[in-house]
Amino acid sequence: MNQIYESYLFEKHILVQDAGLPAEEHSFETVFALANLFGIRLVSGAELAQERMIHLAEKELGSNVPKPFYRGFPQSVRELTQDQLLFDQLVHYAVTYGFGDFSQPGHSLFEGDFARAAFREKAVIREFEIVTEEEAEQRLEELVRGLLAGTRPLSDRQYTLVLTFLLEKDPQVTCIASKNTAVRLLLDTRSLRLADSLDLSDVIRLADEMNYRLYGNTDLRKLNLVNHDRKFLTKVIDRLIAIGRCDLRTCFEKKKLWNGLLHHLHYTAKTPEGQAFVDAMRGKGNRSVYAVFEKAMSARWVSEAARILKESKGSGAVLRNLNYLVSRCETEKEIEEVLSFIDSKNTIVLMQLLFQYANYKGEGMPRAFCFTKYERLKVHQETKEEMARRGTVLSEERAHFLEAQIRTRLEKLLAGRLGKVYISPEMKRYALPIQETTSQGGYGVLTRGTRLTMGIWKKLRAFTYWEKVDDIDLSVFGIDSAGRQTEFSWRTMAGRQSDAITYSGDETSGYNGGSEFFDIDFRKFCEMYPDVQYLVFCNNVFSRVNFSQCFCRAGYMIRDIEDSGEIYEPKTVESAYTINADSTFAYLFGIDMATNELVWLNMARNSGAAVAGETGMKFLTDYFHVTETMNVAKFFELMATEVVEDPAEAEVVVVDQPIEVPEGVEVIREYDTERMLELMNR
């Protein structure tokens with residue numbers, strides 16, 4: 001089976017039997033090894049166990065991880081003086097960056113011998129099942145269809161799964177809900193039938209994606225496509241016109257870009273409908289919906305402007321412009337008229353608006369604008385000058401009124417989708433997969449904003465390791481209530497090593513690559529740094545190449561305060577994932593110091609930064625409160641006809657722990673994002 005499939009299914013706690021291999025006589029030994037090495041307990045299919053599954057677990061959870069700079073980490077680090085730590089670092093940098101010798105991993109000059117005790121920490125048991133290849137393919141098709149049902153862009157990991165499955169299995173795809181996903185698949189497969197999920201106006205997006213990915217150009221006004229690509233775009237345009245997907249009024253919104261594209265393609269219409277489109281794009285005047293909309297807004301006919309959007313582009317357009325519309329309303333009656341045009345069936349759009357108004361920053365508060373372009377996060381922090389020029393300002397009172405209205409519409413939209421549902425109280429900690437575009441994927445990765453309790457008698461060990469590059473840096477930043485940052489990194493840790501936070505040293509690549517670790521003891525950290533509210537863990541490529549050009553893994557372990565065994569123990573790994581973004585900078589996860597909880601961030605930022613401290617991070621604090629506005633438990637509660645206290649009475653069980661249920665009962669776990677997407681977009 002394709003490694004992409006096996007890796008993705010591993011995230012879902014599924015192992016796959018290789019039907020091409022002979023039956024193994026000693027499957028018990030494999031079952032024992034999985035339990036002993038990785039804490040994996042097989043709840044079904046144990047008789048299908050194969051030795052190759054041990055190697056898959058090694059790959060996914062990490063096994064041959066390069067030693068850190070201080071091999072006795074963390075104890076030996078704390079025994080060295082600040083001068084010794086600093087001298088170690090200077091000598092190491094002199095050898096590597098000074099003399100350019102990266103052939104061997106460097107280690108401390110002052111660190112003494114250190115003997116480790118046998119591993120004796122308690123580790124969480126992971127429950128897995130083994131399925132046949134036929135069963136695995138059925139599961140994969142369900143996962144792919146769930147992902148294709150989502151209206152939001154996919155993460156790189158999800159997209160790779162979908163693309164590989166479509167290329168290898170060629171299932172009959174009737175609808176791709178996300179225009180972003182449809183554009184990417186169409187560009188990668190060149191299968192014209194996938195264009196049927198697009199409208200003609202989406203060809204501009206297709207050309208823009210092609211221009212960036214194939215030519216490294218972000219300016220669509222400066223096209224220089226080869227003949228092969230020009231012919232492909234021409235075929236897409238012809239097909240969309242032929243099947244009646246010619247949304248002319250929307251095309252007017254990008255009239256200048258259409259003019260340039262048609263000229264570059266030397267496009268000639270083949271039908272009367274095509275000629276009408278060409279004449280409209282090349283003629284004078286602009287009959288776009290937004291041109292008419294803006295005229296109504298200029299005249300202060302706010303309700304009429306909302307009606308124009310609703311009738312021409314749907315209620316989703318009203319929702320996207322709700323801030324603008326409501327800010328121009330002079331009376332509550334006008335607001336109610338505008339809201340009357342909202343009857344969206346798009347759960348995702350309503351969810352996004354809910355978050356927007358629940359966390360609304362009114363006048364006098366700077367805003368951070370976060371958006372994605374080419375599957376990378378871009379952040380713009382509003383300046384004082386931009387705040388003074390704001391054209392759209394809502395009072396907090398109006399924002400709260402809109403939040404309540406959106407909640408009411410969500411409740412009506414979701415009501416009755418499921419029958420009797422049992423929901424574990426812990427599911428309140430889990431966020432919904434609404435915007436995961438820039439996320440990296442791997443074992444233990446959860447939706448952005450999800451909160452996980454660490455345990456007061458445990459510490460968090462964050463890690464990163466790499467190959468095919470000289471140096472990657474793991475760093476931690478403390479953020480206080482005013483947004484001020486305290487940096488814990490290779491630049492600062494020589495003077496900050498303590499029982500509260502310990503750093504393994506800034507290793508650079510040897511033959512097998514390098515690694516870095518941080519230990520955080522939550523109780524002691526709060527005592528030493530009482531003003532820090534949040535911690536944010538970052539990864540950046542100091543060697544100034546993108547993650548996509550090297551190999552990098554990151555994640556975290558939960559260890560005992562007085563830990564035993566190796567520095568890297570696969571049994572204690574809660575998450576390990578590959579960072580392969582087309583950038584040099586990624587946010588990993590955060591810690592809410594007030595609640596002792598890990599908060600998933602998992603975002604690749606559009607940045608060439610070689611040092612993490614050069615970027616502002618206050619905007620990240622919004623993600624620490626996602627589950628307060630909406631969470632998995634609340635979502636399923638809204639859909640249930642009845643929430644039951646006993647799982648045996650339920651038709652659907654939503655839990656994050658192993659559970660036995662009667663046959664026919666659907667179990668949805670915290671990592672079943674594909675099923676949640678399917679339900680949100682039903």
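Higher on the page you've got the structure.
Residues numbered from 1 in each chain as written. Predicted model: local features only at pLDDT ≥ 70, side-chain atom pairs only at ≥ 80, totals over all residues. Heavy atoms only, no water.

Draft legend 1. Here's a closer look at a negative patch on the surface. Residues Glu332, Glu336, Glu337 and Glu397 make up a contiguous surface patch of negative charge. It is helix H18 (residues 332-339) that contributes the most residues to the negative patch, 3 residues altogether. On the secondary structure map, Glu397 appears in helix H21 (residues 396-414). (Patch = residues over 30% accessible without salt bridge, like charges linked within 9 Å, V, L, I, M, F, W, Y side chains within 5 Å. Areas by Shrake-Rupley, 256 points an atom, 1.4 Å probe, with all protein chains shown as cover. Salt bridge = Lys/Arg side-chain N within 4 Å of Asp/Glu carboxyl O. Lys, Arg positive; Asp, Glu negative; His and termini not counted. Charge placed at Lys NZ, Arg CZ, Asp CG, Glu CD. Helix = DSSP H or I, 4+ residues; strand = E, 2+ residues; numbered from the N terminus.)

Draft legend 2. Fine view of the state of the cysteines. Counting across every chain of the model gives 0 disulfides. Free of any disulfide, Cys552 has its nearest neighbouring cysteine sulfur in Cys550, separated by 6.1 Å. (Disulfide = S-S within 2.5 Å.)

Draft legend 3. Region of the structure containing the environment of Asn681. Summarising the element assignment, Asn681 is placed in the segment after helix H25 (673-680). For Asn681 and Ser564, which are 117 residues apart along the polypeptide, the C-alpha to C-alpha distance reads 47 Å. If sequence neighbours within four positions are ignored, Asn681 has contacts with Ala149, Gly150, Thr151 and Ile348. From its side chain, Asn681 meets the backbone oxygen of Leu677 in a polar contact 2.8 Å long. (Contact = heavy atoms within 4.5 Å. Polar contact = N/O pair within 3.5 Å; in protein donor to acceptor, adjacent residues only side chain to side chain.)

Draft legend 4. Region of interest: the sheet that holds strand S9 (residues 458-467). Read from one edge to the other, the open sheet built from 6 strands follows the order S7-S16-S15-S9-S13-S12, with strand pairing classed as antiparallel. Where the open sheet ends on each side, the last strands, each with one partner, are strand S7 (442-443) and strand S12 (501-503). Of the pairings in the sheet, the one linking S9 to strand S15 (residues 551-560) comprises 10 bridges and is antiparallel in character. Each residue of the ladder has a partner; that of Leu460, found in S15, is Ile558. (Pairing = 2+ DSSP bridges.)

Draft legend 5. Fine view of the packing of helix H14 (residues 289-298) against helix H15 (residues 302-313). Relative orientation of the contacting elements H14 and H15 amounts to 165°, with a least axis distance of 8 Å. When the interaxial angle is binned, H14 and H15 end up roughly antiparallel. Judged by the sense of rotation from one axis to the other, the crossing of H14 with H15 is right-handed. In this structure, H14 uses Val289, Tyr290, Val292, Phe293, Ala296 and Met297 to contact H15, whose residues at the interface are Val302, Glu304, Ala305, Ile308, Leu309, Ser312 and Lys313. Across the contact of H14 with H15, the residue classes tally to 10 nonpolar, 1 polar and 2 charged. (Axes fitted to C-alpha atoms, helices over the stretch in contact; angles between N-to-C directions. Parallel < 35°, antiparallel > 145°, perpendicular 65-115°, else oblique. Left-handed = near helix turned anticlockwise from the far one by under 90°. Nonpolar A, V, L, I, M, F, W, Y, C, P; charged D, E, K, R; others polar.)

Draft legend 6. Looking closely at the nonpolar core. Counting residues in each nonpolar core, the largest one holds 177 residues, and the members touching the most others are Trp258, Leu460, Phe525, Phe537, Tyr587, Phe635 and Phe636. The element that contributes the greatest number of residues to this core is helix H19 (residues 347-358), accounting for 8 residues. Residues contacting Leu460, with those up to four places away along its chain left out, are Met454, Phe518, Asp519, Ile520, Phe522, Phe537, Tyr556, Met557, Phe589, Ile591 and Leu598. By size, the runner-up hydrophobic cluster in this structure holds 33 residues, among which are Ala57, Phe73, Leu85 and Tyr443. (Core = buried A, V, L, I, M, F, W, Y, C linked by side-chain atoms within 4.5 Å. Buried < 20%, exposed > 50% of the residue type's maximum accessible area, 1.4 Å probe, protein only.)

Draft legend 7. Up close: unusual backbone geometry. A cis amide bond links Phe73 to the next residue, Pro74, at an omega of 5°. If you trace the backbone, Pro74 turns up in the loop between helix H3 (52-61) and helix H4 (75-79). In this structure, His13 is a non-glycine residue whose phi angle is positive, near 65°. The residue His13 is located in the loop between helix H1 (3-11) and strand S1 (14-16) in this model. Unusually for a residue other than glycine, His266 sits at a positive phi of about 55°. Considering the arrangement of structural elements, one finds His266 in the loop between helix H12 (255-265) and helix H13 (272-282).

Draft legend 8. Inspection of the sheet that holds strand S3 (residues 126-131) at higher detail. Strand order in this open sheet of 3 strands is S1-S3-S2, and the pairing throughout is parallel. Where the open sheet ends on each side, the last strands, each with one partner, are S1 and strand S2 (40-44). Across the sheet, the axes of successive neighbouring strands diverge by a mean angle of 40°, strand direction being ignored. Across 4 bridges, the pairing between S2 and S3 is parallel. Bridge pairing in S3 links Arg41 to Glu127. With respect to the sheet, H1 is in contact with S1, S2 and S3, its orientation differing from that of S1 by roughly 150°. On the sheet, helix H2 (residues 27-38) packs against S1, S2 and S3 and is oriented at approximately 135° with respect to S2.

Draft legend 9. Here's a closer look at the pairing of S3. Where S1 meets S3, 3 bridges bridge the pair, whose relative direction is parallel. The residue of S3 that forms the bridge with Val16 is Val131.

Draft legend 10. Focus on the packing of aromatic side chains. Enumeration according to the criterion identifies 31 aromatic pairs in this entry. With centroids separated by 5.9 Å and ring planes inclined at 90°, the aromatic side chains of Tyr290 and Phe293 adopt a geometry described as edge-to-face. In this pair, Tyr290 and Phe293 both sit in helix H14, 3 residues apart, roughly one turn of the helix. Classification of Phe293 as buried rests on a relative accessible area of 0%. In textbook terms, an aromatic cluster arises when at least three aromatic residues are bridged by ring pairs, as seen for Tyr93, Tyr97, Phe102, Trp490 and Phe542. Just above the ring of Phe232 sits the side chain of Arg190; from NZ or CZ to the centre is 4.5 Å. Seen from the ring of Phe542, Arg544 lies directly overhead, with NZ or CZ sitting 5.8 Å from the centre. (Phe/Tyr/Trp six-rings, centres within 6.5 Å; stacked < 30°, edge-to-face > 60°. Lys NZ or Arg CZ within 6 Å of the ring centre and 35° of its normal.)

Draft legend 11. Region of interest: the pattern of salt bridges. One pass over the full model with this rule turns up 42 salt bridges. As a salt-bridge pair, Arg78 and Asp499 come within 3.5 Å of each other at their nearest N and O atoms. Here Arg78 is found in helix H4, whereas its partner Asp499 is found in the loop between strand S11 (485-488) and S12, with 421 residues between them in sequence. Residue class for Asp499 comes out partly exposed when judged on its relative accessible area of 39%. In this structure, Glu403 and Arg407 form a salt bridge, with 3.5 Å as the shortest nitrogen-oxygen distance. You can see Glu403 and its partner Arg407 sitting in helix H21, 4 residues apart, about one turn around the helix. With relative accessibility at 15%, the residue Glu403 sits in the buried group. Beyond isolated ion pairs, a larger network of salt bridges with shared partners links Glu121, Lys459, Arg461, Asp519, Arg559 and Asp563.

Draft legend 12. Examining helix H9 (residues 203-215) more closely. The terminal C-alpha atoms of H9 lie 17 Å apart, and with 13 residues this matches the ideal 18 Å at 1.5 Å per residue to within 8%. Every buried residue belonging to H9 is among Val203, Ile204, Leu206, Ala207, Asp208, Glu209, Met210, Asn211 and Tyr212, and all of these are buried. The first or second residue beyond H9 is Gly216, which carries a positive phi of 65°. (Expected span 1.5 Å × (residues − 1).)

Draft legend 13. Just the packing of helix H6 (residues 133-148) against H25, in detail. Here H6 crosses H25 at 45°, and the two axes come no closer than 8 Å. As far as their axial angle goes, H25 and H6 are oblique. H25 is crossed by H6, and the crossing has left-handed handedness. Residues Leu143, Gly146 and Leu147 of H6 pack against Glu674, Leu677 and Glu678 of H25. Here the residues of the contact of H6 with H25 sort into 3 nonpolar, 1 polar and 2 charged.

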